[in-house]
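Each chain, letter by letter, is given below.
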Amino acid sequence: MQPKRPVALVTGAAKRMGRHIAERLVKAGWDVGVHYNSAAGEAEETVRALQALGGCAVALKAELADAAETASLPERLARALGPPRLLVNNASLFEYDRMEDMTPDGLDRLLAVNLKAPILLAQSFAACCDRRDDPVVINLLDQKVVNLNPDFFSYTISKAGLNAATQVMACALEGRVRVHGVAPGLTLPSADQTEEEFQRAHRLAPLGRGSTPDDIANAILFIAAVPGYASDLLVVDGGQHLLPSKRDVMYVVRGEN
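A.B. asks: I would appreciate a short explanation of helix H4 (residues 104-128) in the present structure.
C.D. replies: Helical geometry: 3.6 residues make up each α-helical turn, so side chains three or four residues apart lie on a common side. An ideal rise of 1.5 Å per residue puts 36 Å on 25 residues; H4 measures up with 34 Å between its terminal C-alpha atoms. Within H4, the axis deviates most sharply at Ala 112, by approximately 40°.

This is the structure:
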């Protein structure tokens, strides 16, 4: 008999970074729960792609702003594929605001998806995983948490909160579940960024390149594969956080002050 493949839950896995992480996990021998909210067609396409790579996969719908739907995800995955061993909190909202124009509704929306949902998912994951399997929670953060600037104010607050929550959860779950943070730099074009601006921003990093989807997936696979790696923040950004700036790198390349 073939040994049972470990099971991972990746939020926002229907497209972009989430799909790349899911594909790399399947290639490394994992089965994957593909969480999505509104991208049903893309989620089913991702499931088919993962199955073609030799893994088992299932699409799981949940609105991460809904606490009950969010908390049910790990148990739903356990019923479909088996108890999850890895939770990757990848999904997040990325919206521009500054403190001057931040709104209560906007702040609530980003905190619900970027901070509250990962905490609820980690809680439910810890309740249904098998602690003998070295279960791991990995929260995708942002190099902004160690290199603050006022752009994307509510988003930054939500990720800084998740960074603190990662450390507190690691203490609370010590000896039962490892909890890690991975902080990417600029990895994929975002907002209204052009491809030229994206490439210029990448070249500004001390290494002459920013993080890539493969870099982030490799970091996740490393953490999951090393039981002796205690809970920590892994910054994967080409050194971007070593260059403090008053503006987000997206606006630095445009010469905006």
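A.B. asks: Explanation requested: the layout of surface pockets in the structure shown.
C.D. replies: The gaps left among the atoms become clear once a water-sized probe is rolled over them. Here the largest pocket is characterised by a volume of approximately 1000 Å³. In terms of lining, the largest pocket is formed by 37 residues, of which the most central are Arg 16, Asn 90, Ala 91, Ser 92 and Phe 94. Breaking the lining of the largest pocket down by element, the ones donating at least two residues are helix H1 (16-27), strand E2 (31-36) and helix H5 (153-172). For the lining of the largest pocket, the class distribution of residues is 18 nonpolar, 12 polar and seven charged. Residue lining of the second largest pocket: 14 residues in total, with Asn 147, Gln 240, Leu 243, Ser 245 and Val 249 positioned closest to the centre.

A.B. asks: I would appreciate a short explanation of the sheet that holds strand E3 (residues 57-61) in the present structure.
C.D. replies: Each strand in a sheet pairs with its neighbour through backbone hydrogen bonds, running either in the same direction (parallel) or in the opposite one (antiparallel). Taken in spatial order, the seven strands make up an open sheet running E3-E2-E1-E4-E5-E6-E7, and their pairing is parallel. Across the chains shown, the open sheet's two edge strands, defined by having one partner strand only, are E3 and strand E7 (233-236). On average, adjacent strands in this sheet sit at an angle of 20° to one another, irrespective of strand direction. Each of strand E1 (7-10), E2, strand E4 (86-89) and strand E5 (136-140) is contacted by H1, which is oriented at about 175° to E1, the strand it contacts most. Along the sheet, helix H7 (residues 213-225) contacts E4, E5, strand E6 (178-184) and E7; its crossing angle with E6, the most-contacted strand, is approximately 165°.

Quick notes on the rules
Residues numbered from 1 in each chain as written. Predicted model: local features only at pLDDT ≥ 70, side-chain atom pairs only at ≥ 80, totals over all residues. Heavy atoms only, no water. Helix = DSSP H or I, 4+ residues; strand = E, 2+ residues; numbered from the N terminus. Expected span 1.5 Å × (residues − 1). Bend = angle between axes of the 7 residues up to and from the residue. 1 Å grid on protein atoms, 1.4 Å probe; cavity = no way out; pocket = protein on both sides within 12 Å on 5 of 7 lines; lining within 4 Å. Points joined across faces, edges and corners; volume = space filled by probe spheres on them. Nonpolar A, V, L, I, M, F, W, Y, C, P; charged D, E, K, R; others polar. Pairing = 2+ DSSP bridges. Axes fitted to C-alpha atoms, helices over the stretch in contact; angles between N-to-C directions. Contact = heavy atoms within 4.5 Å.

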